[in-house]
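# Summary of the model geometry
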Amino acid sequence: MPFHYSTYCDGCNQNILDIKFTCLTCLDPGMSNTFDLCVQCMDKRIERSGFVHTTDHTLMKCLRYTQPYSFSRHIREAQSMTERLKKALTEASTCHTHDDKLGLVETHETSSEMHLQMRCGCCTNLITIPFWACITCAPDTLICDDCETKGASLSSGLPNKPSHRPDHPLLRLHNLLQEQFKPKKIDSTVTIINDLETSVEKSFTEMDARMAKLEGTVETRLKLFESLLQKIALQLNTAQGDM
């Protein structure tokens, strides 16, 4: 069984003994602090102070222990591959129309299963999200989620090109489609802001009414208190006259 020395799962705080998943989305920019998960916690939502790890984050899977230098190299290769595949996925999954007057881009998102013309290197079926990419094999070797679960291998068929093996470090790609600018989202945001403004104005109006009522109550009570003081003063004067 592989053993990842001094590596503890950030989900359950147990030592990771077999497969280690490192979240690239939660990774510290300087790679000084990694967010590592075990098999049992890889698909869990985990909240920490300052950030939240969700199940659609990009994960790097390592079956075997790697030295720190090799691990950091895998991280850099995984980040580069993520950006490359993100660009390819975005281009394959969206089409754009431009508004010359506003300079806006209206995005029509389409089904990744229909338009993402990338196939699994093992079963040759169309890739759907989430999917995996091998960090070791080049060019990009994509693997569907089913084949990765089965631990499928892939022979390159070429004498000088290595074959993909299940113990290669993998990258799980999930929510990679870049969010595009949509006018309808702006309209929705404006509506929300207008509703908030209306709600705030209503709250201030109600507050002004309560303040006016409170001022009237205070003024009435001050008059009553003043009248009471006058009665007390009159009674004191009367008592002194009797003496």
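Residues numbered from 1 in each chain as written. Predicted model: local features only at pLDDT ≥ 70, side-chain atom pairs only at ≥ 80, totals over all residues. Heavy atoms only, no water.

For the chain, an unreviewed UniProt entry supplies the name ZZ-type domain-containing protein and the organism Leucocoprinus leucothites.

### A few points about the pattern of salt bridges
To keep things clear, this is the line we draw: The salt bridge criterion pairs a side-chain nitrogen of Lys or Arg with a carboxyl oxygen of Asp or Glu, the two atoms within 4 Å. Counting from the N terminus, the helices are DSSP H or I runs at least four residues long and the strands are E runs at least two residues long. For every residue, the accessible area obtained with a 1.4 Å probe (protein chains only) is divided by the maximum for its type, and the residue is called buried under 20%, exposed over 50%, and partly exposed between those limits.
Applying the stated criterion across every chain, the model contains five salt bridges. The residue Arg172 makes a salt bridge to Asp43 at a minimum N-O spacing of 3.0 Å. Of the two residues, Arg172 is situated in strand E10 (residues 170-173) and Asp43 in the loop between strand E2 (36-37) and strand E3 (46-48); the sequence distance between them amounts to 129 residues. Looking at Arg172, the relative accessible area reads 6%, which means it is buried. With relative accessibility at 47%, the residue Asp43 sits in the partly exposed group. With its nearest N and O atoms 2.3 Å apart, the salt bridge here joins Lys61 to Glu148. You can see Lys61 sitting in strand E5 (residues 59-62) and its partner Glu148 sitting in helix H3 (residues 145-150), a full 87 residues away along the chain. Here the two residues Lys61 and Glu148 agree in accessibility, since each one is buried.

### What about the packing of aromatic side chains?
Which entries qualify depends on this criterion: Stacked, tilted and edge-to-face are the three classes applied to pairs of Phe, Tyr and Trp rings, where Trp contributes its six-membered ring and a pair requires centres within 6.5 Å; stacked means planes under 30 degrees apart, edge-to-face means over 60, and tilted covers the rest. Both a distance and an angle decide whether a charge sits over a ring: NZ of Lys or CZ of Arg must be within 6 Å of the ring centre and within 35 degrees of the ring normal.
On inspection of all chains with the given rule, the structure shows one aromatic pair. Taken together, a centroid distance of 6.5 Å and an interplanar angle of 55° make the contact between Phe21 and Trp132 tilted. Of this pair, Phe21 sits in strand E1 (residues 20-23) while Trp132 sits in strand E8 (residues 131-134), and the two are 111 residues apart along the sequence. Trp132 gets classed as buried once you look at its relative accessible area, which sits at 2%. Stacked on the ring of Trp132, the Lys or Arg Lys61 has its end atom at 5.8 Å from the ring centre.

### So, the environment of Leu126
Tracing the sequence through the fold places Leu126 in the loop between helix H2 (112-115) and E8. Leu126 gets classed as partly exposed once you look at its relative accessible area, which sits at 28%. Between the alpha carbons of Leu126 and Cys144 there is a distance of 8.1 Å; along the sequence they are 18 residues apart.

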